[in-house]
Amino acid sequence: MAITYMTKEGYQRKMEEIAYLESVKRPEISRAIAEARDKGDLSENSEYDAAKEAQGLLEMKIAQLKDLVANCRILDESNLNTEEVQILNRVTIRNTSNGATMDYTIVADSEANLKEKKIGSSTPIAKGLLGHKKGDIVDINVPAGKMTFEIVDITF
């Protein structure tokens with residue numbers, strides 16, 4: 001599995017999710033399997049089949065989360081600067097064709113959340129901005145075509 005980057009908060013959220021799945025969801029599914037098993041013939045017991053499938057999906061999710069945190073590197077925020085765009089920077093960009101400005105924080109893909117204006121570092125816009133400085137004009141290929149942005153500001 002590839003190395004992923006996370007903030008301390010992102011890492012903590014993933015660890016809390018693993019703990020919840022293991023301590024709350026896993027016992028719930030085990031109880032559902034036991035209840036379904038107690039109902040008799042397993043060959044025609046759809047509740048049992050559904051509970052076993054849910055158990056398999058849960059175990060897969062737990063394994064994926066554990067792989068993710070095992071192969072992650074926690075970003076050291078003390079090494080960040082605002083000289084050029086990098087992960088964890090908040091970037092204000094202006095679309096040169098219509099003048100619209102947008103703010104995005106570039107985060108690890110596992111922490112991306114558009115509602116919070118956090119975009120993953122592998123998105124076309126983030127890739128196009130990384131390494132550029134305030135005042136730079138960048139052409140970025142997005143699904144809708146090529147867009148040109150000016151980097152207005154870089155902060156934390």
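Everything below is about the structure shown above.
Every value quoted in this text rests on a predicted model; they were computed, and no experiment measured them.

Here we come to unusual backbone geometry. With a phi close to 80 degrees, Leu 88 is a non-glycine residue in the positive phi region. If you trace the backbone, Leu 88 turns up in the loop between β2 (72–74) and β3 (90–95). Residue Lys 117 is not a glycine yet carries a positive backbone phi of 60 degrees. Counting through the fold element by element, Lys 117 comes out in the loop between β4 (101–107) and β5 (118–120).

The topology assignment puts Thr 7 in the loop between β1 (4–6) and α1 (8–37). We classify Thr 7 as buried; its relative accessible area is 5%. Residues contacting Thr 7, with those up to four places away along its chain left out, are Ile 74, Glu 77, Leu 88 and Glu 111.

With that settled, the discussion passes to the pattern of salt bridges. According to the stated counting rule, one finds 11 salt bridges in the structure shown. For the salt bridge of Glu 22 with Lys 66, the shortest nitrogen-to-oxygen distance reads 2.7 Å. Placement of the pair is Glu 22 in helix α1 and Lys 66 in helix α2 (residues 46–70), with a sequence separation of 44 residues. Of the residues examined, Lys 66 reaches a relative accessible area of 39% and is grouped as partly exposed. Between Arg 90 and Asp 103 there is a salt bridge; the shortest N-O distance is 3.2 Å. Residue Arg 90 is found in strand β3, and its partner Asp 103 is found in strand β4; the two are separated by 13 residues along the sequence. A relative accessible area of 37% means that Arg 90 is categorised as partly exposed. Classification of Asp 103 as partly exposed rests on a relative accessible area of 22%.

Time to look at the nonpolar core. Ile 93, Ile 106, Leu 129 and Ile 151 are the most contacted members of the largest nonpolar core, which totals 19 residues. Those elements that provide at least two residues to this core are β3, β4, α3 (124–129), β6 (137–142) and β7 (145–155). Once residues within four sequence positions are removed from consideration, Ile 106 is found in contact with Val 85, Gln 86, Ile 87, Leu 88, Asn 89, Val 91, Ile 119, Ser 121, Ala 126, Leu 129 and Leu 130. If you look at the next biggest cluster of nonpolar residues, it comprises 14 residues, including Ala 51, Ile 62, Val 69 and Cys 72.

This paragraph deals with the packing of α1 against α2. Packing of α1 against α2 leaves a shortest axis separation of 9 Å and a crossing angle of 160 degrees. Relative to α2, the element α1 lies roughly antiparallel. The handedness of the crossing between α1 and α2 comes out as left-handed. Among the residues forming the contact of α1 with α2, the class breakdown is 16 nonpolar, 1 polar and 11 charged.

Here is what the cut-offs are and how they apply
Residues numbered from 1 in each chain as written. Predicted model: local features only at pLDDT ≥ 70, side-chain atom pairs only at ≥ 80, totals over all residues. Heavy atoms only, no water. Helix = DSSP H or I, 4+ residues; strand = E, 2+ residues; numbered from the N terminus. Buried < 20%, exposed > 50% of the residue type's maximum accessible area, 1.4 Å probe, protein only. Contact = heavy atoms within 4.5 Å. Salt bridge = Lys/Arg side-chain N within 4 Å of Asp/Glu carboxyl O. Core = buried A, V, L, I, M, F, W, Y, C linked by side-chain atoms within 4.5 Å. Axes fitted to C-alpha atoms, helices over the stretch in contact; angles between N-to-C directions. Parallel < 35°, antiparallel > 145°, perpendicular 65-115°, else oblique. Left-handed = near helix turned anticlockwise from the far one by under 90°. Nonpolar A, V, L, I, M, F, W, Y, C, P; charged D, E, K, R; others polar.

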